[in-house]
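Fold and contact review
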Amino acid sequence: MNRLSTLTCPACGHVESEVMPDDACQYFYDCKGCGAVLKPLPGDCCVFCSFGSLPCPPVQAARGAC
């Protein structure tokens with residue numbers, strides 16, 4: 001399971017690599033470029049699933065179990 005995801009801010013395009021929590025979804029993220037508070041899109045559990053290069057570890061684990 002990969003814990004490093006690259007978030008891209010939809011407001012300003014700032015790109016930042018972040019380590020995701022192992023056992024939880026992260027609902028809020030403050031963009032380091034413009035300060036916007038990112039929240040998941042409808043249907044996603046966290047900001048990594050919406051704006052990251054990889055989904056969060058719980059979603060990765062669920063997909064691997066299928």
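Notes on the overall build of the chain
Scanning the chain from terminus to terminus reveals 2 helices and 4 strands. Ordered by position from N to C terminus, the α and β elements of the chain give β-β-β-β-α-α. Taking 2.2 N^0.38 as the reference for a compact globule, 66 residues should give roughly 11 Å; the C-alpha atoms of the chain span a radius of gyration of 11 Å, in line with that estimate. By its C-alpha atoms, the chain is 35 × 20 × 15 Å across when sized along the principal axes. Scored against the burial criterion, the 66 residues of the chain give a buried share of 29%. Look at the contacts in the chain between residues 6 or more apart in sequence, and 34% of them connect residues 24 or more apart. Total accessible area computed for the chain in this model is approximately 3900 Å², and 55% of it derives from carbon and sulfur atoms. Here the chain contributes 4 positively and 6 negatively charged side chains, and the mean placements of these two sets differ by 3 Å.

Quick look at the pattern of salt bridges
Any two side chains of opposite charge can pair, given that their charged atoms come close. Under the counting rule described, the total for this entry stands at 2 salt bridges. For the salt bridge of Asp22 with Arg3, the shortest nitrogen-to-oxygen distance reads 2.7 Å. With Asp22 in the loop between β2 (15–19) and β3 (29–30) and Arg3 in the segment before β1 (4–8), this residue pair connects regions lying 19 residues apart in the sequence.

As for the nonpolar core
Leu7, Cys9, Met20, Tyr29, Cys31, Leu38, Cys46, Val47, Phe48, Phe51, Cys56 and Val59 together form the largest nonpolar core, which totals 12 residues. Top contributing element to this core by residue count: helix α1 (residues 47–51), with 3 residues. The contacts of Val47, once residues within four sequence positions are left out, are Leu7, Gln26, Tyr27, Phe28, Tyr29, Leu38, Lys39, Pro40 and Gly52.

Considering a nonpolar patch on the surface
A cluster of nonpolar side chains, Tyr27, Phe28 and Val37, forms an exposed patch at the surface whose accessible area comes to about 320 Å². The residue Val37 is located in strand β4 (residues 37–38) in this model.

Comments concerning the environment of Pro42
Within the fold, Pro42 resides in the loop between β4 and α1. Judged by its relative accessible area of 82%, Pro42 falls in the exposed class. A C-alpha to C-alpha distance of 22 Å links Pro42 and Glu16, two positions 26 residues apart in sequence.

What counts and how
Residues numbered from 1 in each chain as written. Predicted model: local features only at pLDDT ≥ 70, side-chain atom pairs only at ≥ 80, totals over all residues. Heavy atoms only, no water. Helix = DSSP H or I, 4+ residues; strand = E, 2+ residues; numbered from the N terminus. Rg over C-alpha atoms; globule rule 2.2 N^0.38 Å. Buried < 20%, exposed > 50% of the residue type's maximum accessible area, 1.4 Å probe, protein only. Contact = heavy atoms within 4.5 Å. Areas by Shrake-Rupley, 256 points an atom, 1.4 Å probe, with all protein chains shown as cover. Lys, Arg positive; Asp, Glu negative; His and termini not counted. Charge placed at Lys NZ, Arg CZ, Asp CG, Glu CD. Salt bridge = Lys/Arg side-chain N within 4 Å of Asp/Glu carboxyl O. Core = buried A, V, L, I, M, F, W, Y, C linked by side-chain atoms within 4.5 Å. Patch = residues over 30% accessible without salt bridge, like charges linked within 9 Å, V, L, I, M, F, W, Y side chains within 5 Å.

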